[in-house]
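# Structural overview for review
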Amino acid sequence: MNIQQKDKSHVWHPFTQHHTAKEHLEIVKAYGVYLEDASGKKYIDANSSWWVNTHGHGHPHIAKAISEQFATMDHIVFAGVTHPKAVELADRITSILPPHLDKVFFSDNGSTAVEIALKMVMQYFYNKGEKRNRFLAMNGSYHGDTFGAMSVGQRGYFNKPFEPFFFDVDYIDFPNGENEQVILGQAKKLFSSGEFAGLIIEPLVQGAAGMRMYSAEFLDQLTALAHENGVLVIFDEVMTGFGRTGKMFAMDYCQNKPDLVALSKGLTAGVMALGLTIASNKIYDAFLSDDIGKALLHGHSFTANPIACAVACANLDIFEKENTWESIAAICEWNAEFANDLAKIECVENIRQQGTILAFEVKTGEGNSYFSDVKTKAYQFFLEKGILLRPLGNVIFVNAPYCIEKKEYDEVRRVVLEFLSSLME
Ligand SMILES: Cc1ncc(COP(=O)(O)O)c(C=O)c1O
């Protein structure tokens, strides 16, 4: 049996209807901005492998961090034990976040980082003896696939079978520039009930909803409202963290900061599975007691895996020591130029950019549906031309690793424009 046959026999892929799925693209190598398939064909990884990769594949500094850490210590229990790389990472991450975000809890991915943030909010009020058990989230949000994360995410097609098991959540509309005061009014009314424990939000960019973008001014006002009403604020920076929005974190555009932040994806340069939930000292203090039941009784086997922590530290080294910020600034400029080209194309609408993310919609007359036909057509077209881009419905977006060079970016731009011309033939 070849790989495809064995895959078909034994592998259950994410977000895949195997009854109708075609053969999977078989990638055997990854280097820099490129992926290579079994036949030797190269693809530009224009969505950074599910939005995780920061500095390109196979970066030598990351490789060195992995091999040195493996040779020193592979993995150990993290309950009752600590180790240098976890402490270094916690120290370095808290030094680039607002000072009150000071306590780092380790887990394995974006969903668990969110799940832990939700549990911290719930238990914060439990420990204080305050009955607040509602959350506010935003329509269209995606926070992961574990139960808490699904509960606060957009309800619908993706999680219908599980809906009876979710906890109660209220949703505000997505701010579109015109409805912001109405939404803030709704949030104010809801918060004034005194029932709300937390607000969870993807700051500035909703990723899975189709890279939908909104203003820092709106987010500042919403955060302020939550705080005025004693509601804790979680920023889910799983996608927006580590330079994606043009700054290290989306919250760096905001005056008002969250009480908790969830990080993953770019945290390890997109190489290892690691999640962090960083809480304020105020939240942490509410867990201190002589009563063990007031502690956060939560943990995972691979909590603070030393190799993952070493890679996350190496990721930060690259941000500090290489020309990463120059590259990010260049991508922001290229995106702006590309946006100008796109604005001239008839079948394109709602062009938006936040830092290294550029997104637009292909007019279909059917709205922005995940199951839009454009997605399938575009995905195949791009693959044939050597670009790996996974549109979200009729939303095509580019968020490449920061090591992408101008000629590679221009190739992505050329192929996207060619696809759009093919639609108009
Ligand atoms: C904003 C956001 N939160 C959470 C998650 C879940 O992360 P993971 O897939 O690592 O569980 C994602 C994944 O795309 C995300 O975009």
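### So, the overall build of the protein chain
Counting secondary structure elements, the protein chain contains 13 helices and 16 strands. Seen along its three principal axes, the alpha-carbon backbone of the protein chain occupies a region of about 65 × 55 × 45 Å. For the protein chain, with 425 residues in total, the buried portion stands at 44%. For the protein chain, contacts bridging at least 24 residues in sequence account for 72% of all contacts bridging at least 6.

### What about the site of the ligand?
Taken together, 14 residues lie near the ligand, and Asn109, Gly110, Ser111, Gly144 and Val238 sit nearest. In terms of residue count, the dominant contributor to the shell around the ligand is helix H5 (residues 110-128) (3 residues). Tallied by class, residues from the shell around the ligand come to 5 nonpolar, 7 polar and 2 charged.

### So, the domain arrangement of the protein chain
Reports of interface size often rely on the accessible area that becomes lost once the parts have come together. Domain boundaries in the protein chain define domain 1 (3-55 + 323-423) and domain 2 (62-320). The distance between the C-alpha centroids of domain 1 and domain 2 comes to 26 Å. Elements that contribute at least two residues to the side of domain 1 that touches domain 2 include exactly helix H2 (48-51), helix H11 (324-343), strand E13 (348-354), strand E14 (357-362) and strand E16 (395-398). Residues of the side of domain 1 that touches domain 2, tallied by class, amount to 10 nonpolar, 12 polar and 1 charged.

### Digging into the pairing of strand E11 (residues 260-263)
Side chains on a regular strand alternate between the two faces of the sheet. Here E11 shows a buried face lined by Leu260 and Ala262 and a second buried face lined by Val261 and Leu263. Across 3 bridges, the pairing between strand E10 (residues 232-236) and E11 is parallel. Pairing of Asp236 across the sheet is with Ala262, part of E11. In this structure, E11 lies alongside strand E12 (residues 275-280), joined through 4 bridges in antiparallel fashion. Paired with Ala262 across the bridge in E12 is Thr277.

Cut-off values and rules
- The written sequence of each chain sets the order in which its residues are numbered from 1.
- Thresholds applied to this predicted model are a pLDDT of at least 70 for local features of residues and 80 or more for the giving and counting of side-chain atom pairs; totals over whole chains, interfaces and linings are not thresholded and use all residues.
- Every helix listed is a DSSP run of H or I at least four residues long, and every strand listed is a run of E at least two residues long, numbered separately from the N terminus.
- With C-beta atoms placed from the backbone, a residue counts as buried when 20 or more other C-beta atoms lie within 10 Å of its own, as exposed when 12 or fewer do, and as partly exposed for counts between those limits.
- Contact criterion: two residues are in contact if their C-beta atoms, reconstructed from the backbone, are within 7 Å.
- Throughout this description, a residue near a molecule or strand is one whose C-beta atom, derived from the backbone, lies within 6 Å of it.
- Each residue receives one of three labels: charged for Asp, Glu, Lys and Arg, nonpolar for Ala, Val, Leu, Ile, Met, Phe, Trp, Tyr, Cys and Pro, and polar for the others, Gly being one of them.
- Domain extents, as shown, originate in an automatic or database domain assignment.
- In this scheme, strands are said to pair when DSSP sees at least two bridges between them.

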